[in-house]
Amino acid sequence: MMPQAPPNLAMETVIEPASIKVFGIFHLIIAGLGSIATIFGLVMLQFSNQFSKLMTMAPPGTSSGASSQQEQAVIQYLGETRTYTYMTSGFSIILAVMLIIAGIGLLKKRESGRVMSIRYAWASIAAKVITLVMMLTFMMPATTRYNEAMFSSIGSGMGSTMNLVTQISQLVGLAMTLIYPIVVLIMMHKEKVKTFLAAQPR
């Protein structure tokens, strides 16, 4: 009789780690949602003037002076953050394309899908670092000016409070977006994933 491989070794060779298919699906879902959000944001940016008027429309019977001041604050804010928005949108589109390629590769059980997933993760982390620098340099000062203008008529430190809340929210939101690429890095370096995909036909 021909020598047989140990049963445990045969099972490890055949069984596909569930994380491969799971992350393949997650990649495509996240890429799709990210693309929709990016397109929506860019479309809204093109109608920023109309959007600012809707945001600051004065109630019937009230003075339009405060409304006009707030409208100017919105227009100024959107103008100052336009470059930041275009930059982050560009990052999102590039990362979405990488995720789609990686997701399809993983669903097809290709080693190239794992490699692209790792490239996406590092590219995403690098994009977040650049975004943080831009946020601290441009976004937060613009947000401060916006909140001061929007809440100046209220007084009682409301502008400062809203500014603090807004900036903390921005930083927390950015930190949250680091979770997925870090998890991808960890999972795509798992030995079972590497061994299974390396054994697949190319």
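Residues numbered from 1 in each chain as written. Predicted model: local features only at pLDDT ≥ 70, side-chain atom pairs only at ≥ 80, totals over all residues. Heavy atoms only, no water.

### Points about the overall build of the protein
Just so we agree on the cut-off: Helix numbering and strand numbering both begin at the N terminus, where a helix is a DSSP run of H or I of at least 4 residues and a strand a DSSP run of E of at least 2. Whether a residue is buried, partly exposed or exposed follows from its accessible area with a 1.4 Å probe, protein chains only, as a fraction of its type maximum: under 20%, in between, or over 50%, in that order. The contact definition used throughout considers only heavy atoms, calling two residues in contact when any of these lie within 4.5 Å. The accessible surface values rely on the Shrake-Rupley method and a 1.4 Å probe; as for residues, cover is taken only from the protein chains in view.
Within the protein, the secondary structure is distributed over nine helices and zero strands. Listed by position from the N terminus, the elements making up the protein come as α-α-α-α-α-α-α-α-α. Here the protein holds 202 residues, and the buried ones make up 33% of them. Relative to all contacts within the protein whose residues are 6 or more apart in sequence, the contacts with residues 24 or more apart total 78%. Carbon and sulfur atoms provide 71% of the accessible area of the protein, an area that totals close to 12,400 Å².

### A word on the confidence of the model for the protein
The line we're drawing: Every residue carries a pLDDT, the predictor's confidence in it, which falls somewhere between 0 and 100.
Per-chain confidence: the protein averages 82 in pLDDT, with 78% of residues scoring 70 or above. Across the protein, helix α8 (residues 179–188) holds the top mean pLDDT of 96, while helix α1 (residues 7–14) sits lowest at 48. Overall, residues 8–12 carries pLDDT values under 50, and its contacts beyond four positions in sequence, including any with other chains, amount to zero contacts. Across residues 58–65, confidence stays below pLDDT 50; counting only partners more than four residues off in sequence or on other chains, it has three contacts.

### Quick word on the nonpolar core
Definition in use: Side-chain atoms within 4.5 Å are what join buried Ala, Val, Leu, Ile, Met, Phe, Trp, Tyr and Cys residues into a set we call a nonpolar core.
Core analysis: the largest hydrophobic core is formed by 22 residues, its most contacted members being Y120 and V184. Looking at this core, the elements with two or more residues in it are α2 (18–46), α5 (82–107), α6 (111–150), α8 and α9 (191–198). Excluding residues within four positions of it along the chain, V184 makes contact with F23, H27, S117, Y120 and A121. Residues Y77, M134, M135 and A142 belong to the second largest nonpolar core, which totals 14 residues.

### As for α2
Every α-helix carries 3.6 residues per turn, so stepping three or four residues along brings you back to the same face. Put simply, the rule is: Expected span of a helix, by definition, is 1.5 Å for each gap between consecutive residues, and there is one gap fewer than residues.
Counted at 1.5 Å a residue, the expected span for α2 with its 29 residues is 42 Å, and the 43 Å between its end C-alpha atoms agrees. Taken together, the buried positions of α2 are S19, I20, F23, G24, H27, A31, T38 and L45.

### As for α9
Quick reminder of the rule: The directions considered for the arc are those from the helix axis to the C-beta atoms.
Looking only at α9, the buried set comprises V193, F196 and L197. Projected onto a plane normal to the axis of α9, the buried residues spread over an arc of 90° and lie on a single side.

### Some thoughts on the side chain of E111
Cut-off, in case you're wondering: The definition of a polar contact used here is a pair of N or O atoms within 3.5 Å, where within protein one atom must be able to donate a hydrogen and the other to accept one, and adjacent residues in sequence count solely through side-chain atom pairs.
The residue E111 is located in helix α6 in this model. Among the residues examined, E111 registers a relative accessible area of 15% and is labelled buried. At a separation of 2.9 Å, a polar atom in the side chain of E111 contacts the side chain of R114. Not counting residues within four places of it along the chain, the set of residues in contact with E111 comprises K194, L197, A198 and R202.

### Here we look at the environment of I94
Mapped onto the fold, I94 is located in helix α5. Considering only alpha carbons, one finds I94 and A31, 63 residues apart in sequence, at a separation of 9.9 Å.

### As for the layout of surface pockets
Defined as follows: Cavities and pockets are found on a 1 Å grid laid over the protein atoms alone: a cavity is a set of points where a 1.4 Å probe fits but cannot escape, a pocket is an open set with protein on both sides within 12 Å along at least five of seven lines, and a lining residue has an atom within 4 Å of such a point. Grid points are joined across faces, edges and corners, and a volume is the space filled by probe spheres set on the points. Amino acids are sorted into nonpolar (Ala, Val, Leu, Ile, Met, Phe, Trp, Tyr, Cys and Pro), charged (Asp, Glu, Lys and Arg) and polar (every other residue, Gly among them).
Counted as a void, the largest pocket has a volume near 1,100 Å³. Together, 39 residues line the largest pocket, and T38, Y84, T88, S89 and S92 are the ones closest to its centre. Elements that contribute at least two residues to the lining of the largest pocket include exactly α2, α3 (48–55), α4 (65–80), α5, α6, α7 (158–176) and α8. Tallied by class, residues from the lining of the largest pocket come to 24 nonpolar, 14 polar and one charged.

### Here's the deal with the packing of α2 against α8
The cut-off we apply is this: Fitted lines through C-alpha atoms serve as axes, helices being fitted only where they are in contact, and the angles separating the N-to-C directions of these axes extend from 0 to 180 degrees. With respect to orientation, any angle under 35 degrees is reported as roughly parallel, any angle over 145 as roughly antiparallel, any angle of 65 to 115 as roughly perpendicular, and every other angle as oblique. Left-handed describes a crossing in which the near helix is turned anticlockwise from the far one by less than a right angle; the clockwise case is right-handed.
Interaxial distance between α2 and α8 falls to 11 Å at its minimum, and their mutual angle equals 155°. As summarised for this structure, α2 and α8 are arranged roughly antiparallel, according to the angle between their axes. The two elements α2 and α8 meet at a crossing, and its hand is left-handed. Judged by residue contacts, S19, F23, F26, H27 and I30 of α2 engage Y180, V183, V184, M187 and M188 from α8. Here the residues of the contact of α2 with α8 are counted per class, giving eight nonpolar, two polar and no charged.

### Some words on the packing of aromatic side chains
The test is simple: To pair, rings of Phe, Tyr and Trp, with the six-membered ring standing in for Trp, must have centres within 6.5 Å; the planes then decide the type, stacked if under 30 degrees apart, edge-to-face if over 60, and tilted in the middle.
Scanning the model with the defined rule gives three aromatic pairs in all. Where F23 meets F26, the ring centres are 6.3 Å apart and the plane angle is 75°; that geometry is what we call edge-to-face. Pair noted here: F23 and F26 are both in helix α2, with a separation of three residues, about one helical turn. The exposure class assigned to F23 is buried, which follows from its relative accessible area of 8%. The exposure class assigned to F26 is partly exposed, which follows from its relative accessible area of 41%. Centre to centre, the rings of Y120 and Y180 are 6.3 Å apart; their planes meet at 55°, and the pair counts as tilted. Here Y120 is found in helix α6, whereas its partner Y180 is found in helix α8, with 60 residues between them in sequence.

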